[in-house]
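Working through the structure, step by step
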Number of protein chains: 2
Amino acid sequence: MTGIAQLIELPEFADARGSLIVAEHGLQLPFAIERVFFVSGVGPNDTRGMHAHHACHQILVCVHGSVTARVDNGHETQTVRLDRPTLGLHMPPLTWGTQWDYSADAVLLVLNSMGYDPKDYIHDYDEFLEVVSAREAAGESS
Amino acid sequence: MTGIAQLIELPEFADARGSLIVAEHGLQLPFAIERVFFVSGVGPNDTRGMHAHHACHQILVCVHGSVTARVDNGHETQTVRLDRPTLGLHMPPLTWGTQWDYSADAVLLVLNSMGYDPKDYIHDYDEFLEVVSAREAAGESS
């Protein structure tokens, strides 16, 4: 798949006793996880996310059911259906993320490189674009 | 609840757009997570676990469905039904853990303080009891 979405394949160990899917720092994950959260019970018409982070990396894995996720780096967007538990979506800092179309049984696991810090959130899209531009002007962008 | 099981209540932030349940290092978690795995598709008559770790801490959270977990510290055992996603079960090192009676829709999330190391596993119960005794004799037990 071409596009800006950074997808991670998670190894699955399946046998007669079920399936085990793993993500480890230094292998599939570029960071140790300081915070984990999981989202469920989202209605079919609800949208979550709609923010970016200054510094926090996040990896999204839909461990049950399915959900649609869009990533936006300020220049391009890409939409991915997270419909299997072996598919991780890495959202680096300064990614505007939006999730919607949760199946009724969806559980979206989010692995975070940082603890909760309200100052790390950007909730305004215009501010997000300004921060991206400023970061690029400062030569900090890849 | 009395007993040896170390249970952790995870905060839930619920609103009209669904539920978000969180676990953060330094708050609910005594460690940063180096490895995460999740188990699903386990049959109703299957049992998993049946081992201990020398050094790795684990926290079990059933994020969908339910599962029964037993912890054994070499002296006492306790059985807990993990039937809500806000309930974490901390298994410190030298806990013999066994899980069974997975509901068909169960997803068991396991947060680990260490990366995978086969030398950290104890698969033999008699060896487990010997290691517990040796650790206690050396005064390292709490």
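Definitions and cut-offs
- Residues numbered from 1 in each chain as written.
- Chains lettered and ligands numbered in written order.
- Predicted model: local features only at pLDDT ≥ 70, side-chain atom pairs only at ≥ 80, totals over all residues.
- Heavy atoms only, no water.
- Helix = DSSP H or I, 4+ residues; strand = E, 2+ residues; numbered from the N terminus.
- Rg over C-alpha atoms; globule rule 2.2 N^0.38 Å.
- Buried < 20%, exposed > 50% of the residue type's maximum accessible area, 1.4 Å probe, protein only.
- Contact = heavy atoms within 4.5 Å.
- Areas by Shrake-Rupley, 256 points an atom, 1.4 Å probe, with all protein chains shown as cover.
- Pairing = 2+ DSSP bridges.
- Least-squares fit on C-alpha atoms with pLDDT ≥ 70 in both.
- 1 Å grid on protein atoms, 1.4 Å probe; cavity = no way out; pocket = protein on both sides within 12 Å on 5 of 7 lines; lining within 4 Å.
- Points joined across faces, edges and corners; volume = space filled by probe spheres on them.
- Nonpolar A, V, L, I, M, F, W, Y, C, P; charged D, E, K, R; others polar.
- Salt bridge = Lys/Arg side-chain N within 4 Å of Asp/Glu carboxyl O.
- Buried area = accessible area lost by both parts, 1.4 Å probe.
- Polar contact = N/O pair within 3.5 Å; in protein donor to acceptor, adjacent residues only side chain to side chain.

A tally of regular secondary structure across chain A gives 1 helix and 12 strands. Relative to the 2.2 N^0.38 estimate, which gives 14 Å for 142 residues, the radius of gyration of chain A is 15 Å and therefore close to what a compact globule would have. Principal-axis analysis of the C-alpha atoms places the extent of chain A at approximately 55 × 35 × 30 Å. For chain A, with 142 residues in total, the buried portion stands at 51%. Taking all contacts inside chain A whose residues are at least 6 apart in sequence as the whole, residues at least 24 apart take part in 76%. Split by element, the accessible area of chain A, about 6500 Å² in all, is 50% carbon and sulfur.

Glancing now at the sheet that holds strand β8 (residues 77-82) of chain A. Across the sheet, which stays open at both edges, the 5 strands sit in the order β8-β7-β10-β5-β12 (chain A) with antiparallel pairing between neighbours. Edge positions in the open sheet fall to β8 and β12 (121-122) of chain A, since each of these has one partner strand only.

Looking now at the relation of the copies chain B and chain A. Turning chain B through 180 degrees and shifting it by 0.0 Å along the axis lays it on chain A, with an RMSD of 0.0 Å. What the rotation and shift describe, once combined, is the action of a two-fold rotation axis. Measuring from the rotation axis to each C-alpha of chain B, the shortest distance belongs to Ile33(B), at 2.4 Å.

Residues and elements named next belong to chain B. The tally for this structure, following the rule as stated, stands at 2 cavities of 30 Å³ or more. The space that makes up the largest cavity amounts to roughly 50 Å³. Lining the largest cavity, in full, are Arg35, His53, Cys56, Asn112, Met114, Gly115, Tyr116, Asp117, Asp120 and Tyr121. Here the lining of the largest cavity is composed, by residue class, of 4 nonpolar, 3 polar and 3 charged. As a volume, the second largest cavity reaches approximately 40 Å³.

Another aspect to go through is the environment of Gln6(B). Residue and element names in this part refer to chain B. Tracing the backbone shows glutamine 6 in strand β1 (residues 6-9). Residue classification places glutamine 6 among the partly exposed positions, given a relative accessible area of 38%. Sequence separation between glutamine 6 and valine 132 is 126 residues; the distance between their C-alpha atoms is 18 Å. In this structure glutamine 6 touches Gly88, Leu89, His90 and Pro92, once residues within four positions along its chain are discounted.

Once that is clear, we can look at the pattern of salt bridges. All chains considered together, the criterion is met by 8 salt bridges over all chains. Between Glu24(A) and Arg35(B) there is a salt bridge, with the nearest N and O atoms lying 3.5 Å from each other. Of this pair, Glu24(A) sits in strand β3 (residues 18-24) while Arg35(B) sits in strand β4 (residues 35-40), each in a different chain. For the residue pair Glu24(A) and Arg35(B), the accessibility class agrees, reading buried in each case. We note a salt bridge from Arg84(B) to Glu9(B), for which the minimum N-O separation is 2.8 Å. Linking Arg84(B) in the loop between β8 (77-82) and β9 (87-91) with Glu9(B) in strand β1, this pair joins segments that are 75 residues apart in sequence. Among the residues examined, Arg84(B) registers a relative accessible area of 31% and is labelled partly exposed.

Our focus in this paragraph is the interface of chain B and chain A. On the chain A side, the residues contacting the 37 residues of chain B number 37 residues. Across the chain B/chain A interface, buried area totals approximately 3100 Å², and carbon plus sulfur atoms make up 53% of it. Counting the surface chain B buries against chain A, the share from its top three residues, Arg17(B), Phe38(B) and Arg48(B), is 23%. On the surface where chain B and chain A come into contact, there are 2 salt bridges. At the boundary of chain B and chain A, one finds 17 residue pairs in polar contact (both at pLDDT 80 or more).

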